Each structure stands twice: as structure tokens, then as C-alpha cells.
Amino acid sequence: MDGIATRHWRPPRAARLTAAEARQAEFLFGGLHWRSERLIEAVFANLGYRARALPTATRADLMTGRELADIGQCCPTSFTTGNLANFLREEAARSGPQAVRDRYVFLTVGSCGACRFGQYHQSYELALRNLGLERFRMLLLAQDRVDQSDGAADAFQPDLPLILGAIWACLCGDLIQGMEYRTRPYETEPGATDRAVRDSVDLLADAFRNRPKRGETWGALAWHLATPYFTDALRQARRRFDAVAVDRLRVKPVVKITGEFYLHTVEGEPNYNIHRWLEAEGAEVYPASIAVWLDYLIRFAKQEAEERRGAIRHAGLRIAAAGVLQRALRLTYDRLRGALNHIPHGMPRQEELRALAAPYFHHRLSGGEGDMLIGKAIWAHRHRHAHMTCELSPYSCMPNTMSVGAMARVLGDHPDLLYAPIEVKGDAEVHALSRCQMILTEAKKRAAAEFEQALKTAGMTLDQARQRAADDADLRRATWKLPHRGAAGTAANAVLHMAGKHL
Amino acid sequence: MPRVLNVWSTHRFWLGFFGALGLPANRLVFSSDTSEEQFREFGRGRGTVDCCWPVKCASAHYGELMFGQRRKLDVLFSPLIYNMPSMLAGHVVDNLACPRVMAGPEMVRAGFTREKDLFAEAGLRYVAPLVTLAEPQLVAGQLFKAFDGILPGLTPAETEAAVAEGFAALARFDADMRGRSRHVLERCAAEGRPCILVLARPYHMDPGIGHEIENDLQNAGYPVLWSQYLPQDPALMDWLFGEEVRAGLMASPFDIADVWPSSYSANTNEIIWGAKFAARMPWIAGVIRMTSYECGMDQPTFTPVQAIVEHSGTLYFAFQELDSTKPAGSVRIRVETILHYLGRSSAGIIARKRALLPPDCPLAPG
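Residues numbered from 1 in each chain as written. Chains lettered and ligands numbered in written order. Predicted model: local features only at pLDDT ≥ 70, side-chain atom pairs only at ≥ 80, totals over all residues. Heavy atoms only, no water.

## Examining the sheet that holds strand β5 (residues 254-259) of chain A
Sheets are built from strands that pair by backbone hydrogen bonding, the pairs being arranged parallel or antiparallel. Residues and elements named next belong to chain A. The four strands lie next to each other as β6-β5-β7-β8, forming an open sheet whose pairing is parallel. Of all strands in the sheet, those with a lone pairing partner are β6 (284-286) and β8 (418-424), marking the two edges. On average, adjacent strands in this sheet sit at an angle of 25° to one another, irrespective of strand direction. Note that strand β7 (residues 388-394) and β8 share seven bridges and pair parallel. Across the sheet, residue E391 finds its bridge partner in β8, namely P421. Contacting β5, β7 and β8, helix α18 (residues 398-413) crosses the sheet at an angle of about 150° to β7. (Pairing = 2+ DSSP bridges. Helix = DSSP H or I, 4+ residues; strand = E, 2+ residues; numbered from the N terminus. Axes fitted to C-alpha atoms, helices over the stretch in contact; angles between N-to-C directions. Contact = heavy atoms within 4.5 Å.)

Okay, structure coming up:
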């Protein structure tokens, strides 16, 4: 038996993580923005687990990732591989490889289909083998299970309260992020928004840490859907933003961020700190939310079941379940958003995104964000939610390059759509940002022209608008909801609102 | 039809399908093999994004069919092949096509429609349905929807029969090719000769993409097999993998989960299985790996494939980052190196691998 087992190459496999061991271990995870990561840590703590978000990846992690895994990786693979490797290397230097194996467990997504995103773990495993950390435990999250269990009764499986907590943490993290990016460009006291965000995240983390336990399955689900617990916590967070004074007459282009999931979600060196850079360049950032990605996944599952009737079992049941899930997600997101006075952006309807993208990209093409990138760009342009779309694509990303290519025809049909596809290699910052800046310059001109048009429509001069705004206490409050009056820019909408007009 | 991407492994399905619908083979026009000349003449300026050559060159195939034909064509048919019929179906998680390969036609189409509709100008109907060839029961519906109104009088029943004929034609072709591969191995076993296995994607058979590297080796007297057409008959599978299956190391001879648990991609899965086959088959003394520049599907497989092959003592040579231009000089030097090592080591490799397998070899009975 030994001879047969070693005759051919097989990668070493880590031992299974038992439920008892999970209570002693520390879970590592990453790849989201810091607000959601903080809240997910609190969710683990709430259930008696220890969890730690890896530090945001850096350029040094990129280099390590390239060095330790196979050549030709897309940059998210290099960043995340190097990020994990560097963290563990430092820990191993401090406490030894065996202690690292015993203490930590890495939780990652391991199965999503054709794109190599579903094969990241191969890179992690290779990098860890190269570091002498083979058999380090890594849990691959599938949509419905952790595939380390092999059906073993004693294996750790995340229960529904953990999954629901993580989803609610992402939704709340998204909403605080949305609040932040709608506020900071207009704050009159520099730093006030950042303070409000930090306080809000602390407050929400406490709420998640002390989340009441309401059953393991249906009870937990019903409680999450019905409870005012999270809306109450978000209302408290809103009060932190009440103190932030804003000047909404600053004319700024709104830049919608889209792209590959990791690059559009993280905030740091993996995407050249593009969120902060755009703000520094005078833009209002419309961030990409994790909630929209979840909504897309449900839409994709639903349409797969619809189109594979006859090839899969229980298609009708799957369609119905996906429909219910999608409604629950949207209702929950809107309810939570309501606690922040609907200031963070809402979720575009997936049906509309699909319909808008249909002439250019088939809705079933999978991997990455599929048709959603095209749909979002047209949606933001058509409904005047942004002056410009900045799409963050990893160098050599397989699905993203195809949708970027298909955008050529979109731009032919919509020549006014400002679109900046940025290829992110991780170490070519000047090139990427200068490319973005070219389109941003045009977006600034659009925002200025739109503001002029708004003044004209409102029949006001700039001075009159400033005077009216100075007298309007609501308009100076960050938590007051400015209605969308048909302009993409905040300043133009503010002028139109004061005059009771629409563009 | 553009002769690109997964058309290289499914063309017999399309010939069978259209033939059964009464469209004779001479009315089905494939573009020519890929070449730099073809790209210069028909593809230049039509690309909308930089990507791997197998996808990028599709613009030239479209252009050739639109503007390079003596006779006028009526339909440009370029299916979005979502998933693939695979010999590993049922043993792996999924059989998806690469995301670029499945979406490539959408990207290429954009290059011909961004200013104006050049398909309409060329008098062509552009038909590009999404087709799930790994789910045969859905294919008739997908193709009927695509051709309803284009092929006069087409009915769902006719489409269904034509799809069945397409799959039958593909199965016959695959069986024939596997039979030929087996025959090559039988000859090698009988004569104690080494052969070479090519691990690559189906479109590396295109002389403009794989650059015919394997031909130089074949010219030197080494028979060449492709991983897509390896024999699979039960006795041979049991001889190669049976002991490991019975020891619980693999669920079946076609199981690759022991080395590649994320088995989503059909072509990747077949490359991994081909590597396992090569590691066990005594007369495969050397493996040639071909990958195209920027291939994200191949990238995570570099180490596992090399490790699987080399752990068995089989020679492994990789031609990575293949692009539009044939690197003739470096290929010649590499081929000389490969021939040198094959000449020096093949006998020992065959003997060592043969000694690990049961004595009764189905390839050389008696």
C-alpha cells in the first residue's frame, strides 16, 4: 500500500479541521474592505471563535506571491497568495512552523467555476509548500459547504448563524462605506467623516459581537430577517454622521467603481488606493458593494436553473428558492439602508442590468462579474448615477478582458459614456492612474457643465445658490437625503432641489 | 464557421448537425488555419482588447469569412460553447469552457460592430447562440432558437434529430482517434519504442497556435499522441490505474481529485488526466506541454502537471508563452535537446515504468 501511495505525485493534504479544533484555532481571512472585515471578526467572536482579517495586501505581498507560486498569475492571486505567505512566514519565524499549523486556519473561497478564482487555493498550497508550511489547514468555502469535510461527522462546518452573521456584516459594512463616500468629499471639517466611520464601525462591531442567539437554523434566519437589532445599530451610527457638516455645492464628478471583485472591493495597494486617489483628485466615489455581488450570484443561480430545466433536478424549486432569497436580500438591504436615511446608494435591479447588457454580452457567460460590468456601466450612464465608470481589471484576468472587449461596442452605441478600464498589474501605478486621470478630466468638465445647466434650469446664479444653501440647515447635514433630481452630480442635484426643478 | 478555440474539438458535432439538416459539407465553410498573414490581412484593427493569441486571432477568422471568400456566405455561425463534452464527465466537478473561450465571440463581434454593423454590410446573418455541449438534452432547444427563421421550415423535431446525429458523429470520430492512439501504443509496446504525449488545449492543434512543434519530434521518429484522444478502454484503464483505485487512492481511473480538486474546466481536467496517464504509461517517455501566452487556465496547472509527470521519471518539456510568431530558433534548439534526452533516457524510463505495472499488459497480450 505504501509503495502504491507514493509511486505517483499527489500534493500533501492538510488534516481535517474538527469542530472541537475550530474552537481552539484562529481563523484567517481577507480580501474585503476593512469595515466588513472588522464586522466579520466580531461575528466569529460572537459565536465563540477567534478570527483575524489579514492585513490589507501590499506591494511586498505581490512580489512574494509572484516569487512563491507559478508564473503568469493574475494580480489578485499574487497579492492574496503573498499576503497569506508573508503573514504566516512572520508568524513561523516567531513561533515555529508547527505552532503556525496548529494555531491558524485559512478560510477562502475555493469554488466558483471556470475562472482561476476557483483555483486560488492551488497557488496558496504551492506557496505554502515552498515556505515549508505544507499541511497548513485551508478551508475552501463552497456555496453550500466547506469542502474539507468529506462527510465526516466531526468536521467543522460553518453553521447558519455564522453565515448569516457574515452576510449581515457585509451588508452593514457596505452601507457604512456608502455613507462615507457620499459624505467625505463634501465635509467642511477635514477628518470629521473618518472619525464618524471609525466610531460607526466600532459601534457595529460591538453590536455583532453581542448579537443575540436565536436558534441554529430557521429561528436564526427568521430573527435576522425580522429583527430591528441591526437597524437600531445603524441608526446609532447615523447619529455619528449627524455631526458632520457638508458643503454640497462643491462640484465633483461622480465616479462609479466596477471591475473584478477583489480589486473593486479592497482599498489599498492592490488597486493603487484608487478610492482615495479619486477623492484626492476631486471626485466623489461611487463604490462597488458586496451586496450587489451577492445579488448577482443569486440572479445567476436563478437564471441557470431557468435555462437548465430538463437537465437538473428540482429546477422549479431552485428558481422559487432563488426568487425568495433575492427578495429577502433586497428587502433587508433596503431596510438597513433606510436606517441611514437611504443615503448610501441602492442596489440596481439585476433584471435591468441583464437587459441593458443583453445586446452586448450573453447573460450566461460565467466567471468574474459576467454581464454585470456592462450592465452597470450603461445603467449608471443612462440613469445619471455617475459621470464616469472606472473598471478595475486585473492584468490577464480572463473574464474581465472579455467584457472590457465587448464594451467597445457599447461605447460605439453610447459615445457619451465615460469609461476608464484600468488594467491593474499591481506595480504599474503611474501608468494606470494617468490613464484614469485622462477620463477623469473629461468627467470633471461634464460635472461642471451639468452644474451650469442646473443653475440655468433653477434660474439661479452661483452666489444665489450659495446663499440659499447657507440658509438651508438640511442641506448642510450629512445625514439629510438629497433627492436625485436627474443630475449625476451632488452639487447639480442640490441646486435643482432648492429650486424644485429636475434636469 | 470560424475555425477557432473549441471548434477544434467539436467540429465533428457541427458537421454532423448541419449534415443531418440537409446542409452538405461543401456549404459549410471553415476559415483557414491561423496565421500571422491572416491576422494582418483580416484581423488588424478589429481587436478590442489585448488577450491570449488563440482568442485574439479569432478576429482574423471572422474577417476572412466576411471579406476573404470567393463566394458569398449567408450566415456567420460562432457558437458560445459554454461547456464541453468530455471523457471525464461524471468524474469531475464540471466541464466548463475557459471564460475567455466561451465569451471570445462577444469580444470579437464588438470589433466588427463598434462603428457600424459590418456583418450587415457584408450581407451576413451573425448567429452566436450559447450552447451547452456537456448537457446534450438542452442543445436542441438552444440551436432551434438560434436557427428558427434562418433555416427555412426548421422544426424542433428535426433539430433534435440533427443534434443527436451531431453527437453521434463526434462520438464516432473520438472513438476512431482513440483507437488510433491505442494502435500507436500497441506498436510501441511491441517494438519497445518510446512515444511522446502532447499536453495542450485542442486549439494548439492549429498550426498557427501550436506552431507544429510536435511535427519536428515526429519527423525524428517519435510517434506523437495528444491527450484529448488517449485510449480509455476498461482493460487498459485497469492495468494503469486499477491498483490505485483498489487501494482507495482514486475513485476511478478517471478521477483527478487526488491531484486537482478544483476540476471545473473541461480542457484543464483533460490535461491533468493526460499527465496522470503519461506518468503511468511506460512507452510515453516524454511529455511536451504547450501553453499560450497569458493563459490563465494553464497557469495554476504548471507545477502540478510537471510534478505529476516528472515524479514518474518521465521527461517533461514545456513550451510556455506561445504567441502569434513561431519562435523558430528556440524551438529548433529545444527540439534538439529533447531528442538528445529521449535518445539517452527512453529505454530506462520504459523499463522502470513497466516494472511498476502488472505483468499482463493489454497492449501486448501474450
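## Topic: the domain arrangement of chain A
Note: interface size is frequently given as the accessible area lost on complex formation between the parts. Residues and elements named next belong to chain A. Domain boundaries assigned for chain A yield domain 1 (2-30 + 48-157), domain 2 (159-246 + 290-344) and domain 3 (247-288 + 370-503). For the pair domain 1 and domain 3, the two sides together bury roughly 1300 Å², of which 60% comes from carbon and sulfur. We note a salt bridge from R59 to E429, for which the minimum N-O separation is 3.0 Å. Inspection of the region where domain 1 meets domain 3 yields five residue pairs in polar contact (both at pLDDT 80 or more). At the level of elements, α4 (59-68) and α5 (75-95) are the ones that each hand at least two residues to the side of domain 1 that touches domain 3. Residues that form the side of domain 1 that touches domain 3 fall into these classes: nine nonpolar, five polar and three charged. (Domains from an automatic or database assignment. Buried area = accessible area lost by both parts, 1.4 Å probe. Salt bridge = Lys/Arg side-chain N within 4 Å of Asp/Glu carboxyl O. Polar contact = N/O pair within 3.5 Å; in protein donor to acceptor, adjacent residues only side chain to side chain. Nonpolar A, V, L, I, M, F, W, Y, C, P; charged D, E, K, R; others polar.)

## Re the UniProt feature "domain: DUF2229" (unreviewed entry) in chain B
Residues annotated in UniProt with the feature "domain: DUF2229" (unreviewed entry) correspond here to residues 1-228 of chain B. The straight-line gap between the two end C-alpha atoms of residues 1-228 of chain B is 22 Å; of that span, 47% is helix and 9% is strand. (UniProt positions renumbered as here; feature names shortened; annotations may be inferred.)

## Remarks on the side chain of R485 of chain A
All names here are of chain A. Residue position: R485 is located in the loop between α20 (462-471) and α21 (490-499). Summary of buried charges: R485 has no salt-bridge partner, and the nearest side chain of opposite charge, D472, is 10 Å away. For R485, the contacting residues outside a window of four places in its chain are N493, L496, H497, G500, K501, H502 and L503. (Buried < 20%, exposed > 50% of the residue type's maximum accessible area, 1.4 Å probe, protein only. Lys, Arg positive; Asp, Glu negative; His and termini not counted.)

## Quick look at the interface of chain B and chain A
With 57 residues of chain B at the interface, the matching set in chain A holds 55 residues. Here chain B and chain A share an interface that buries about 4700 Å² over both sides, 60% of which is from carbon and sulfur atoms. Among the residues chain B hides against chain A, the three largest losses belong to R100, Y264 and Q299 of chain B. Together they make up 12% of the total. Note that R10 of chain A is salt-bridged to D258 of chain B, the shortest N-O span being 2.7 Å. For the interface between chain B and chain A, the tally reads 17 residue pairs in polar contact (both at pLDDT 80 or more). Taken together, the elements giving at least two residues each to the side of chain B that touches chain A come down to β2 (80-83), α5 (99-111), β4 (130-132), α7 (136-147), α10 (234-246), α11 (266-280), α12 (302-311) and β8 (315-322) of chain B. Of all the elements, α5 of chain B adds the most residues to the side of chain B that touches chain A, at nine residues.

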